[in-house]
Amino acid sequence: CRRMTRVSAALVSVIMPCYNDGRYIKEAIDSLRRQTYSNFELIIVDDGSDDSETVSILSTLNDGKTTVLHTNHLRPAGARNYGIERARGKYILPLDSDDTIEPTYLEKAVNVLETQPDIGVVYCQADLFGEKSGRWELPDYSRRAMLLDNIVFVTSMFYRSDWETVGGFKTNMDAGMEDYDFWLSILELGREIYQIPEVLFHYRIKPVSRTTSFQESCPQVQQIYRRIFENHKDFYKNNYDEVIPIMRDALIEQIFLRKKLETELKMVQGVKNIPILGKFIKWIIEHN
């Protein structure tokens, strides 16, 4: 791969929380070693791993470019904060220990931040691998979409100084939405978010994860989104004219989706040969 030759290139700190991910972490690290941008440090935060394979692998990783720190079940948000506090880079890129990035991701993200001062966060398009593969069908970035829900994954590059200004990732966002809360905090600073129009990030899908557990609990989802709103009341008030139409449109979409599913359920209920499909549609309606 072509290597950058700029001597004065800004240092990037890659922060990698790890909890019993020894079977995957080598892939994540290898994707960093292939970067065309060489001025980075890797900070691995071992968050209380008790798997022998993970402990053994992490014990061999301290070198001039890699630092392994140890915490005790701070969870991803707390582990990221712990690593960033000790980072030396101008820019930060969180990378989970089971995911990977393309060789040019650091170089292209740094170039955006170095040349566009109004940008505070840079991310890219992504795909999935593991239990599920294919394109990660996230909407293209827009401020309008961001007001409704999170469309920016945590493996995005941002200024360490901005992280410090907003107080880091909030550790009470224990269901996996701390990145959304953090991006809203960056937007509140007047920064913009930029999406590189290329697939440069690969997100691993596991059979069970913190995200899947969160998405299966309606009360928990409601609680977390209320917390996000409480954390950013002024931001939502300042964007009132945009937020209300967006929420109205989303509600109408859900009403029509529910009506469609109810119609399909009534059709299925009269067909004796496919009771499983009927139960499935009924479950969707009850949990929508």
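Nothing here was measured: the structure is a model prediction, and the numbers come from that model.

Draft legend 1. Local environment of the packing of helix 7 (residues 178-188) against helix 9 (residues 218-231). Two numbers describe how helix 7 lies on helix 9: the axes approach to 10 Å, and their chain directions differ by 20°. With respect to helix 9, the axis of helix 7 lies roughly parallel. When you trace helix 7 past helix 9, the crossing you get is right-handed. Seen from helix 7, the contacting residues are Tyr180, Asp181 and Leu184; seen from helix 9, they are Tyr225, Ile228 and Asn231. Looking at the contact of helix 7 with helix 9 residue by residue, the classes come out as four nonpolar, one polar and one charged.

Draft legend 2. Region of the structure containing the pattern of salt bridges. What the rule picks out here adds up to 16 salt bridges. The closest approach of N and O atoms between glutamate 41 and arginine 88, which form a salt bridge, is 3.2 Å. Here the residue glutamate 41 occupies a position in strand 2 (residues 40-47), and arginine 88 occupies one in the loop between helix 3 (75-85) and strand 4 (91-94), the gap between them amounting to 47 residues. One salt bridge in this structure joins arginine 80 and aspartate 96, with 3.2 Å as the shortest N-O distance. Taken together, the residues span a long stretch of sequence, with arginine 80 in helix 3 and aspartate 96 in the loop between strand 4 and strand 5 (100-101) at a distance of 16 residues. The pair arginine 80 / aspartate 96 is uniform in exposure class, with both members buried.

Thresholds, definitions, all that
Residues numbered from 1 in each chain as written. Predicted model: local features only at pLDDT ≥ 70, side-chain atom pairs only at ≥ 80, totals over all residues. Heavy atoms only, no water. Axes fitted to C-alpha atoms, helices over the stretch in contact; angles between N-to-C directions. Helix = DSSP H or I, 4+ residues; strand = E, 2+ residues; numbered from the N terminus. Parallel < 35°, antiparallel > 145°, perpendicular 65-115°, else oblique. Left-handed = near helix turned anticlockwise from the far one by under 90°. Contact = heavy atoms within 4.5 Å. Nonpolar A, V, L, I, M, F, W, Y, C, P; charged D, E, K, R; others polar. Salt bridge = Lys/Arg side-chain N within 4 Å of Asp/Glu carboxyl O. Buried < 20%, exposed > 50% of the residue type's maximum accessible area, 1.4 Å probe, protein only.

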